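Listed here are the chains, written in short residue letters.
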Amino acid sequence: SNDNIQSILPLTSLQEGLLYHYILHTNTMEYHQRFYIEITGKLNISTLFEAFKILTYQHETLRTIYKWKGLKEPVQIILNKHYINFYYYDFEKNQTSFLETLKTNSVHENFLSNQVPVYIYVYKRDKQAYLIQIYYHHIVMDGWSNAIFTQQLFYYYIRLTQNSMPPHVKRYYVTNNYLMFLQK
C-alpha cells in the first residue's frame, strides 16, 4: 500500500546493470548470493528473528523492492516497514530431508519481482547445531557486506538476550543521499 512507501527512487547504474542481467537470464542463479553461518550451542529462534527485524528496520536495502515492468525507467521502492522472509526448519529428528530442503530453498523464481529479495533460513540440525542461510540478490548487497551484516545481527542478538537494547535504534537513510551524491 502507498502508506508503506518511504520513497521511490531510480536505480544506480550498478543496480541497472544487475537488473539487466537478471531480466536477460531470469532462469539462472547469476547474481544470486548466499552465505552460511554455523552455530554450535543454544540458539533462541524468536530472539534471532527479532534481531533480523531490527536490521530490516535499520537498513533500507533490506526493505527495498524493485519494479520495472510497465515503467519507463526501473525504480527501487523503499518500504517503511517490511517483515523479513524468515523460515525455520527443525531437522533434529529427520536429517535425510535436510539437504533436499537446503537445495530447494536456494532457488527462487521471480526473485526480484514484487518482493524484497532477501531470505533467511534457519535449520536446526541437532540439539545444539544450527545452520543459518542468508540468501539474497546481488542488487541488495555484495559479498563485502556479509561480515558487517553478520556482526550487526549478532550484536543485536546478544543485546536482546541480555535485555540491554538501547532505547532507540538508529534508522539509516542512505540511498537517497547516495543518489544525490552520484548526480553531483
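Residues numbered from 1 in each chain as written. Predicted model: local features only at pLDDT ≥ 70, side-chain atom pairs only at ≥ 80, totals over all residues. Heavy atoms only, no water.

## Observations concerning the side chain of H32
For H32, the location among the structural elements is in strand 2 (residues 32-40). Given the relative accessible area of 7%, H32 is considered buried. At 2.7 Å, the side chain of H32 and the side chain of Y135 are in polar contact. (Helix = DSSP H or I, 4+ residues; strand = E, 2+ residues; numbered from the N terminus. Buried < 20%, exposed > 50% of the residue type's maximum accessible area, 1.4 Å probe, protein only. Polar contact = N/O pair within 3.5 Å; in protein donor to acceptor, adjacent residues only side chain to side chain.)

## A word on the nonpolar core
Proteins that are soluble and globular tend to have nonpolar side chains buried together. Ranked by size, the top nonpolar core spans 41 residues in total, and within it L48, F52, I120, V122, I132, I134 and F149 carry the most contacts. Secondary-structure elements contributing two or more residues to this core are helix 1 (13-24), strand 2, helix 2 (45-58), strand 3 (64-67), strand 4 (75-79), strand 6 (118-126), strand 7 (129-137) and helix 4 (145-161). Residue contacts for F52: discarding those within four places in its chain leaves I84, F86, I120, I132, F149 and L153. Y119, Y121, L131 and Y135 belong to the second largest nonpolar core, which has 6 residues in total. (Core = buried A, V, L, I, M, F, W, Y, C linked by side-chain atoms within 4.5 Å. Contact = heavy atoms within 4.5 Å.)

## Considering the pattern of salt bridges
One pass over the structure, following the stated rule, counts 1 salt bridge. The salt bridge partner of E50 is K53, with a shortest N-O separation of 3.2 Å. One end of the pair, E50, and the other, K53, are both in helix 2, 3 residues apart, so they sit about a helical turn from each other. The partly exposed category is assigned to K53, whose relative accessible area is 30%. (Salt bridge = Lys/Arg side-chain N within 4 Å of Asp/Glu carboxyl O.)

## A few points about empty space enclosed by the protein
Counted according to the given criterion, the structure contains 1 cavity of 30 Å³ or more. The wall of the largest cavity is formed by F52, L55, T56, L62, I84, V118, I120 and F149. Elements with a minimum of two residues in the lining of the largest cavity: helix 2 and strand 6. Broken down by class, the residue content of the lining of the largest cavity amounts to 7 nonpolar, 1 polar and no charged. (1 Å grid on protein atoms, 1.4 Å probe; cavity = no way out; pocket = protein on both sides within 12 Å on 5 of 7 lines; lining within 4 Å. Points joined across faces, edges and corners; volume = space filled by probe spheres on them. Nonpolar A, V, L, I, M, F, W, Y, C, P; charged D, E, K, R; others polar.)

## Focus on helix 1
Taking 1.5 Å of rise per residue, 12 residues should cover 16 Å, and helix 1 covers 16 Å from first to last C-alpha, within 8% of that figure. Regarding helix 1, the residues found buried are Q15, L18, L19 and Y22. When helix 1 is viewed along its axis, its buried side chains cluster within an angular range of 100 degrees and face the same direction. Residues of helix 1 that are buried in the fold lie against strand 2, strand 3, strand 4 and strand 7. (Expected span 1.5 Å × (residues − 1). Arc of directions from axis to C-beta.)

## Thoughts on the sheet that holds strand 6
Taken together, the 4 strands give an open sheet; going across it, the order is 2-7-6-5, and neighbouring strands pair in mixed fashion. At either end of the open sheet lies a strand with only one pairing partner, and these are strand 2 and strand 5 (85-90). Sheet twist, expressed as the average angle between the axes of neighbouring strands with direction ignored, equals 15 degrees. Across 6 bridges, the pairing between strand 5 and strand 6 is parallel. The residue bridging N85 from the neighbouring strand is Y119, located in strand 6. Of the strands in this sheet, strand 5, strand 6 and strand 7 touch helix 2, which is tilted by about 160 degrees from strand 5. (Pairing = 2+ DSSP bridges. Axes fitted to C-alpha atoms, helices over the stretch in contact; angles between N-to-C directions.)

## So, a nonpolar patch on the surface
Together, Y178, F181 and L182 make up an exposed nonpolar region whose accessible area comes to about 330 Å². Tracing the sequence through the fold places F181 in helix 5 (residues 175-183). By relative accessible area, which is 54% here, F181 ends up exposed. (Patch = residues over 30% accessible without salt bridge, like charges linked within 9 Å, V, L, I, M, F, W, Y side chains within 5 Å. Areas by Shrake-Rupley, 256 points an atom, 1.4 Å probe, with all protein chains shown as cover.)

## Quick word on the confidence of the model for the protein chain
For the protein chain, mean pLDDT is 86; residues scoring 70 or higher make up 90% of the total. Mean pLDDT in the protein chain bottoms out at helix 3 (residues 98-104), which sits at 66, and peaks at helix 2, which reaches 94. (pLDDT = per-residue confidence, 0-100.)

## Focus on unusual backbone geometry
Trans is the common state for peptide bonds, and a negative phi is the common state for residues other than glycine. We note that N163 has phi near 50 degrees; this positive angle belongs to a residue other than glycine. Structurally, N163 is set in the loop between helix 4 and helix 5. Residue classification places N163 among the exposed residues on the basis of a relative accessible area of 74%.

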